[in-house]
Amino acid sequence: MASPSLPAPPYAPRPAASKITVKTTSPIVPPNIDRVPIRTERLLLRPFVASDTEAVYEIRKQPEVMLWTLTGEIDKDIDQSRVCVERFLPPKDLATYHFVVVYLGDTGKSEDTNGVVIGIGGCHKIPGDFGWPELGYMFRKEYWGKGFATEFMRAFTKAWWALPRNEIQIEVDAVSVEKWCQGKGEKNDGDVIRVPEVIMAMIDAGNGGSRKVLEKAGFRVFDKWTEADSRTGFKGSTVKLDVFLLEEPAAKDGNS
Ligand SMILES: CC(C)(COP(=O)(O)OP(=O)(O)OC[C@H]1O[C@@H](n2cnc3c(N)ncnc32)[C@H](O)[C@@H]1OP(=O)(O)O)[C@@H](O)C(=O)NCCC(=O)NCCS
């Protein structure tokens, strides 16, 4: 979100992020065609197909939804939404783990998987800017406040941590693994420290709904800063950002 043409502080942009190489795990993401749709009480999470473009446009043309994105702009036409959907279709499906969220009704008994598309969500960047997979989601405003994002998150994170995994060595944001490095001597004769895998999400600190969804799913803030607001209509303003992470389920303390 940073812009080079801003006045000097009072805003406090994030200092240049330092990176650290770590050993961790990484999911082996299946292609869309091999993804089994996920049923929850009221929802179906399924992979994207090209014909979802229209439903995605219905979400992405709502200013109240898009206000919380990087640009703050609605999709001006369906072609812009098509570009969004293509990020989650083959061959790009292998670098994302993103789902269409379908509302099936409140009874949860229906075998009918034709419902209304109310949202999209999942990992849209693997890896993201912090080196870790990055999570995002958006729901149509008519469906806010009914617990759908919470229900989605519970199912998504369960599916995410159940994926098969590889051992990898990657470069990640140093702050994201600070807790695991303390006293562990990352300078220890060039040894590469092993850390639990995490998934992360970045929000505008004023996005109360998204904050609640993340906190309820067990995410915690690991970094925050203020920077130039990149959204259309916010020129000259600053925005406070909070970055959350969720550790792999086995990682309960800093001693793994
Ligand atoms: C953020 C968003 C996904 C939340 O979806 P949702 O389905 O309304 O969320 P839920 O109903 O599961 O609500 C979760 C909690 O947040 C609370 N909440 C919802 N909107 C809120 C708001 N604007 N301010 C404060 N709390 C809010 C709910 O009351 C609920 O708390 P509770 O369980 O204690 O009752 C939805 O508002 C949205 O799509 N916003 C636009 C896009 C966006 O912000 N995406 C995230 C970018 S990082």
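Residues numbered from 1 in each chain as written. Predicted model: local features only at pLDDT ≥ 70, side-chain atom pairs only at ≥ 80, totals over all residues. Heavy atoms only, no water.

For the chain, an unreviewed UniProt entry supplies the name N-acetyltransferase domain-containing protein and the organism Xylaria hypoxylon.

Moving on, we come to the pairing of strand E3 (residues 43–46). Residues Leu-43 and Leu-45 point to one face of E3 and Leu-44 and Arg-46 to the other, with burial holding for every one of them. Examined bridge by bridge, strand E2 (residues 38–39) and E3 share 2 bridges and lie antiparallel to one another. Following the sheet pairing, Ile-38 is matched in E3 by Leu-45. If you look at the hairpin formed by E2 and E3, you'll find 3 residues sitting between the two strands. Of the strand pairs in this sheet, E3 and strand E4 (residues 97–103) are connected by 4 bridges, and their pairing is antiparallel. Paired with Leu-44 across the strands is Val-102, a residue of E4. (Buried < 20%, exposed > 50% of the residue type's maximum accessible area, 1.4 Å probe, protein only. Helix = DSSP H or I, 4+ residues; strand = E, 2+ residues; numbered from the N terminus. Pairing = 2+ DSSP bridges.)

Our focus in this paragraph is the site of the ligand. As a matter of local geometry, the ligand sits amid 21 residues, with Gly-145, Gly-147, Thr-150, Asn-207 and Lys-216 nearest to it. Contact between the ligand and Gly-147: an oxygen atom at 2.7 Å from a main-chain N or O atom of the residue. Measuring from an oxygen atom of the ligand, one finds a side-chain N or O atom of Lys-212 at 2.8 Å. Listed by contribution, the elements that provide at least two residues to the shell around the ligand are strand E6 (134–139), helix H4 (148–162), strand E8 (198–204) and helix H6 (208–216). Counting residues per element, the shell around the ligand draws most heavily on H6, which supplies 6 residues. Class assignment of the residues belonging to the shell around the ligand gives a composition of 11 nonpolar, 7 polar and 3 charged. (Near = heavy atom within 4 Å. Polar contact = N/O pair within 3.5 Å; in protein donor to acceptor, adjacent residues only side chain to side chain. Nonpolar A, V, L, I, M, F, W, Y, C, P; charged D, E, K, R; others polar.)

This next bit is on the pattern of salt bridges. A complete count under the given rule lists 16 salt bridges for this structure. One salt bridge connects Lys-125 with Asp-129, and the closest N-O pair in it is separated by 3.1 Å. Note on Asp-129: relative accessible area 51%, which makes it exposed. Glu-247 is paired through a salt bridge with Arg-220; the nearest N and O atoms lie 2.9 Å apart. Of the two residues, Glu-247 sits in strand E10 (residues 238–247) while Arg-220 sits in strand E9 (residues 220–228), which places them 27 residues apart along the sequence. Residue Glu-247 is classed as buried on the basis of its relative accessible area, which comes to 12%. Residue classification places Arg-220 among the partly exposed residues on the basis of a relative accessible area of 31%. In this structure, a network of salt bridges that share partners links the residues Lys-179, Arg-220 and Glu-247. (Salt bridge = Lys/Arg side-chain N within 4 Å of Asp/Glu carboxyl O.)

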